[in-house]
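Summary of the model geometry
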Amino acid sequence: MKTKYIDKRYWRRLQKKEYKELRIEDHTFDGIVGLVTMKKVRAPLQVEVVGTTITVAEAGYQWLQLLPKDKKYSITAMYDRAGKPVQYYIDINERNILEMGEARTADMFLDILVLPTGEYELVDEADIKRALHKGEITQEQYDAAYQTANELMQRISSDFVSFAEKVEYCRRKIAPMI
């Protein structure tokens, strides 16, 4: 497993940023939300998602990070300069550590990429298989990661609107802090 801090403190591509963090505990979301505003990056980052090339990181872009309490996943909603979502990146995690200023995940290597249309794909399967073969994770952890991913993909397939609305709710909650 790898540890990922939601403030992106170790991401070398990100040279200058603003970061805000908020603990939400209500009926819609229980967890920590972090917002990274990219001020300067080494180079823009483009990725291919469901056969479409998109820019996900560049000066002026924002990443909204959601770490829900007692869940085995986290969500990064990526926004362009105009504030429009370009991608939702779901990390499958062993756990989320909800410590203000130190919020982080124990990442299980498996990810789901989702476009704003609701189209998605499961990625990094080679990474989780490699981690299993190297003994970095157990068979039980491997199976649990796929179970979580499959549940999330089913939820996105059946009700993407609710998924996107929950992310937007968290964005509105942290927006006054900007």
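Residues numbered from 1 in each chain as written. Predicted model: local features only at pLDDT ≥ 70, side-chain atom pairs only at ≥ 80, totals over all residues. Heavy atoms only, no water.

- Within an unreviewed UniProt entry, the label attached to the chain reads DUF402 domain-containing protein, and the organism entered is Macrococcus bovicus.

**Notes on the side chain of Asn93**
- Tracing the sequence through the fold places Asn93 in strand β8 (residues 85–97).
- At 2.9 Å, the side chain of Asn93 and the side chain of Asn96 are in polar contact.
- Every residue in contact with Asn93, bar those within four places of it in the chain, is listed here: Lys72, Tyr73, Ser74, Thr105, Ala106, Asp107 and Met108. (Helix = DSSP H or I, 4+ residues; strand = E, 2+ residues; numbered from the N terminus. Polar contact = N/O pair within 3.5 Å; in protein donor to acceptor, adjacent residues only side chain to side chain. Contact = heavy atoms within 4.5 Å.)

**Observations concerning the pairing of strand β10 (residues 120–123)**
- The sheet contact formed by strand β9 (residues 104–114) and β10 spans 4 bridges and is antiparallel. Its bridge partner lying in β10, Val114 is registered against Tyr120.
- Here β9 folds back onto β10 in antiparallel fashion, the turn holding 5 residues, of which Gly118 has a positive phi close to 100°. (Pairing = 2+ DSSP bridges.)

**Thoughts on the packing of aromatic side chains**
- Taken as a whole and assessed by the stated rule, the structure comprises 6 aromatic pairs.
- Ring centres of Tyr88 and Phe160 lie 6.0 Å apart, and the angle between their planes is 70°; this geometry places the pair in the edge-to-face category. Highlighted residues: Tyr88 in strand β8 and Phe160 in helix α2 (residues 139–174), separated in sequence by 72 residues.
- Among the aromatic residues, ring-to-ring pairing joins Tyr88, Phe160 and Phe163 into one connected group. (Phe/Tyr/Trp six-rings, centres within 6.5 Å; stacked < 30°, edge-to-face > 60°.)

**Describing a positive patch on the surface**
- Together, Arg12, Lys16, Lys40 and Arg42 make up a region of like positive charge exposed at the surface.
- Locating Arg12 in the fold gives a position in the loop between β1 (2–5) and β2 (14–25). (Patch = residues over 30% accessible without salt bridge, like charges linked within 9 Å, V, L, I, M, F, W, Y side chains within 5 Å. Areas by Shrake-Rupley, 256 points an atom, 1.4 Å probe, with all protein chains shown as cover. Salt bridge = Lys/Arg side-chain N within 4 Å of Asp/Glu carboxyl O. Lys, Arg positive; Asp, Glu negative; His and termini not counted. Charge placed at Lys NZ, Arg CZ, Asp CG, Glu CD.)

**Quick notes on the pattern of salt bridges**
- Applying the stated criterion across every chain, the model contains 12 salt bridges.
- Put simply, Arg23 and Asp30 hold a salt bridge, and the shortest N to O gap is 2.6 Å.
- Across the pair Lys173 and Asp26 runs a salt bridge whose closest N-O atoms are separated by 3.9 Å. Taken together, the residues Lys173 in helix α2 and Asp26 in the loop between β2 and β3 (30–41) connect sequence positions 147 residues apart.
- Within the structure, one salt-bridge network assembled from shared partners comprises Lys4, Asp91 and Asp107.

**What about the nonpolar core?**
- If you look at the biggest cluster of nonpolar residues, it comprises 36 residues, and the most contacted ones within it are Leu64, Ile90, Ile92 and Val167.
- Elements supplying a minimum of two residues to this core: β3, β6 (62–68), β7 (73–79), β8, β9, α1 (125–133) and α2.
- Sort the elements by how many residues they give to this core and α2 lands first, with 14 residues.
- Look past the residues within four positions of Ile92 in its chain and what remains in contact with it is Lys72, Tyr73, Asp107, Met108, Phe109, Leu110, Asp111, Ile112, Ala145, Thr148, Ala149 and Leu152.
- In this structure, Val36, Tyr61, Met78 and Val86 belong to the second largest nonpolar core, which totals 16 residues. (Core = buried A, V, L, I, M, F, W, Y, C linked by side-chain atoms within 4.5 Å. Buried < 20%, exposed > 50% of the residue type's maximum accessible area, 1.4 Å probe, protein only.)

**Here's the deal with the packing of α1 against α2**
- Closest axis-to-axis distance for the α1/α2 pair is 9 Å, and the angle between their directions is 160°. Between α1 and α2, the angle is such that the two are roughly antiparallel. For the element pair α1 and α2, the recorded crossing hand is right-handed. Contacts between α1 and α2 pair Glu125, Ile128, Lys129 and Leu132 from the former with Gln139, Tyr142, Ala145 and Tyr146 from the latter. (Axes fitted to C-alpha atoms, helices over the stretch in contact; angles between N-to-C directions. Parallel < 35°, antiparallel > 145°, perpendicular 65-115°, else oblique. Left-handed = near helix turned anticlockwise from the far one by under 90°.)

**Let's talk about the environment of Thr55**
- As for its position among the elements, Thr55 is in strand β5 (residues 52–57).
- Along the primary structure Thr55 and Gln87 are separated by 32 residues, whereas in three dimensions their C-alpha atoms are 9.1 Å apart.
- Sequence-distant contacts of Thr55, defined by excluding residues within four places in its chain, comprise Leu45, Gln46, Tyr61 and Val86.
- A polar contact of 3.1 Å, which involves the side chain of Thr55, links it to the side chain of Gln46.

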